[in-house]
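Fold and geometry: a report
Letter by letter, the chains look like this.
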Amino acid sequence: MAHVVVLGAGTGGLPCAYELRSELGAEHEVTIINEREYFQFVPSNPWVAVGWRDRASVTFDLRPHVEKKGINFIAKRVDKIDAENNRLELDGGDTLSYDYLVIATGPKLSFDEVEGSGPGKHTHSVCTVDHALETYEGYKNLLDDPGHVIIGAMPFASCFGPAYEFAFIVDADLRKRKMRDRVPMTFVTSEPYIGHLGLGGVGDSKGFLESDLRNHHINWITNAKVVKVEAGKMHVEEYNDADQLVKTHELDFKFSMMLPAFKGVDAVAEVEGLCNPRGFVLVDSHQRNPTHPNIFGAGVCIAIPPVEATPVPTGAPKTGYMIESMVTAIVHNIADELAGKEPSTNATWNAICLADMGDTGAAFVALPQIPPRNVAWFKKGKWVHMAKIAFEKYFIRKMKKGTSEPIYEKYILKMLGIGKLK
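Residues numbered from 1 in each chain as written. Predicted model: local features only at pLDDT ≥ 70, side-chain atom pairs only at ≥ 80, totals over all residues. Heavy atoms only, no water.

1. Structural notes on the nonpolar core
We apply this condition: Each nonpolar core is a collection of buried residues, namely Ala, Val, Leu, Ile, Met, Phe, Trp, Tyr and Cys, held together in the definition by side-chain atoms within 4.5 Å. Only protein chains enter the calculation, and the probe is 1.4 Å; a residue is then buried if its accessible area is under 20% of its type maximum, exposed if over 50%, and partly exposed in between. The secondary structure listing takes helices from DSSP runs of H or I that are at least 4 residues long and strands from runs of E that are at least 2 residues long, numbered from the N terminus. Contacts are residue-level and defined by heavy atoms, with any inter-residue pair within 4.5 Å sufficient.
One finds L14, L20, I81, L88, L101, I103 and F391 to be the most contacted residues of the largest nonpolar core, which totals 75 residues. Of the residues forming this core, the biggest block, 10 residues, is contributed by helix α9 (residues 320–338). Excluding anything up to four places from it in sequence, L101 contacts V5, L7, I81, L88, N294, I295 and F296. The next biggest cluster of nonpolar side chains, apart from the first, holds 46 residues, and it includes A132, Y164, F168 and M257.

Below, the structure written as structure tokens:
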């Protein structure tokens with residue numbers, strides 16, 4: 001009998017546990033460990049941050065749903081991974097042994113890389129539901145006392161979509177309230193150009209998003225290195241494509257939401273031979289760590305090199321379809337190993353994303369994610385806005401049900417008319 005432990009119960013870890021339980025025989029044990037008792041659907045957080053969703057609509061208690069599927073659930077933080085002895089040390093002193101470990105923790109939100117940034121300081125976040133609820137409180141203060149808004153992404157950010165989403169959602173909400181004219185907006189991003197998205201652009205994402213920002217009266221600063229945030233003031237260095245500092249900005253603001261840099265969580269980053277210098281898990285083509293081959297990684301926590309060097313550092317995003325593909329590869333490869341076979345399944349690193357823009361939306365497809373690509377297109381329309389709303393409900397329903405089916409492939413690919421990707 002083997003014990004497979006999944007570390008993290010987000011949009012990668014929870015489907016992984018369900019798929020492992022479905023794929024492996026009853027003689028094998030599956031355990032999922034999560035620091036919190038609840039699942040949160042992170043893509044909905046920009047809606048939470050303006051009051052369009054509440055906590056109850058985007059979270060649910062994990063224990064009854066996973067235990068119903070025969071999966072053990074532990075709601076504790078992992079303080080140490082003893083990879084040499086296949087053992088986890090948990091908050092409170094408990095230990096847990098494993099035969100295989102799947103790391104799907106997501107990132108450490110590295111607000112401390114920019115002085116004065118982050119929740120409890122001078123900028124807000126939509127990275128967790130708690131952050132989004134705190135952002136909503138700040139947004140309500142803005143509604144009472146309108147002024148300049150700054151939204152964007154810090155150096156070393158690797159997930160730019162939510163920043164664009166939140167900017168357009170705020171714009172749409174303010175227009176509905178008939179007060180957009182009282183709120184100047186600036187988009188400040190480490191991307192070398194609007195629509196780069198950490199992907200080197202997708203189709204005409206640059207033209208589309210520049211046009212939309214302009215039409216919505218949102219100014220922007222690219223190649224922007226935020227160096228410090230004070231109460232109501234953001235200090236930004238702007239670079240050119242030759243890595244030369246061309247301008248410094250001191251931007252006054254009433255409200256700001258800035259996505260932080262990502263790193264690996266501490267317990268993962270501290271394991272010798274497991275991670276790159278920023279704490280992301282190194283994996284081979286089968287999602288296995290080369291140093292510790294019984295440890296697998298999926299999602300935002302794994303190391304993927306930037307698509308290209310940029311004047312201000314940016315990372316490559318890991319989108320939902322890509323994460324789902326990693327999870328399926330891990331499950332099949334662990335099953336192969338348990339059956340005495342060599343792992344043979346590789347993930348499909350394709351990027352597919354639905355981005356809400358308040359009252360419209362944008363969809364992009366990059367096949368593969370890293371150029372050159374076989375397919376690269378970027379489309380927009382109200383249909384994407386409606387599709388993302390429907391997908392939110394669909395995904396949460398499936399996670400409560402405990403499905404082991406590939407959700408992105410069944411829903412988004414079908415909706416886009418793409419079919420199965422190879």
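After presenting the structure, the write-up continues.
2. Some points on the sheet that holds strand β2 (residues 29–33)
Paired through their backbone hydrogen bonds, the strands of a sheet run either parallel or antiparallel. Keep this limit in mind: At least two DSSP bridges between two strands are needed for those strands to be called paired. Each axis is a line fitted through C-alpha atoms, taken for helices only over the stretch in contact, and angles between the N-to-C directions span 0 to 180 degrees.
Within the open sheet, the five strands sit side by side as β5-β2-β1-β9-β19. Their pairing is parallel. In the strand order of this sheet, the two ends are held by β5 (72–74) and β19 (295–297), each with one partner. Across the sheet, the axes of successive neighbouring strands diverge by a mean angle of 20°, strand direction being ignored. Looking at chain direction, β2 and β5 are connected through three bridges and run parallel. Across the sheet, the residue bridging to I32 is F73, located in β5. Lying over the sheet, helix α1 (residues 13–23) contacts β1 (3–7), β2 and β9 (100–103), oriented at roughly 170° with respect to β2.

3. Some details on the sheet that holds strand β17 (residues 255–259)
Across the sheet, which stays open at both edges, the four strands sit in the order β13-β12-β11-β17 with parallel pairing between neighbours. Strands with a single pairing partner mark the edges of an open sheet, and in this sheet they are β13 (218–221) and β17. Recorded for the sheet is a direction-independent mean angle of 15° between the axes of neighbouring strands. In this sheet, β13 lies alongside strand β12 (residues 185–189) in parallel orientation, the contact comprising four bridges. Residue pairing across strands places M185 opposite I218, the latter belonging to β13.

4. Some thoughts on the pairing of β1
Along any regular strand the residues' side chains alternate between the sheet's two faces. As a reminder, the rule being used: By convention, orient the strands away from the viewer: a clockwise path from the first strand over the helix to the second makes the crossover right-handed.
A large share of β1 lies buried, amounting to five of its five residues. Residues H3, V5 and L7 of β1 are buried on one face, and the alternating residues V4 and V6, pointing to the opposite face, are buried as well. Examined bridge by bridge, β1 and β2 share five bridges and lie parallel to one another. Note that in β2 the partner of L7 across the bridge is I33. Crossover β1 to β2 through α1 is right-handed. Direction of pairing for β1 relative to β9: parallel, over a ladder of four bridges.

5. With respect to helix α10 (residues 382–401)
Owing to its 3.6 residues per turn, the α-helix aligns residues three or four sequence positions apart on the same side. Here is the rule: Expected span, for any helix, means 1.5 Å times one less than how many residues it has.
Over its 20 residues, α10 runs 29 Å from end to end, which matches the ideal 28 Å to within 8%, given 1.5 Å per residue. All of the buried residues along α10 are V384, H385, A387, K388, F391, E392, Y394, F395, I396, K398 and M399. Looking one or two residues past α10, G402 carries a phi angle of roughly 85°, positive in sign.

6. Considering the pattern of salt bridges
The criterion, for reference: In what follows, salt bridge is the name for a side-chain nitrogen of Lys or Arg lying within 4 Å of a carboxyl oxygen of Asp or Glu.
Here the structure, examined in full by the defined rule, presents 24 salt bridges. Note that K76 is salt-bridged to D94, the shortest N-O span being 2.7 Å. Here K76 is found in the loop between β5 and β6 (78–82), whereas its partner D94 is found in the loop between β7 (87–90) and β8 (95–97), with 18 residues between them in sequence. Taking the relative accessible area as the measure of exposure, K76 reaches 27% and is therefore partly exposed. One salt bridge in this structure joins K108 and D266, with 3.1 Å as the shortest N-O distance. With a gap of 158 residues between them, K108 in strand β10 (residues 108–110) and D266 in helix α8 (residues 266–269) connect regions that are remote in the sequence.

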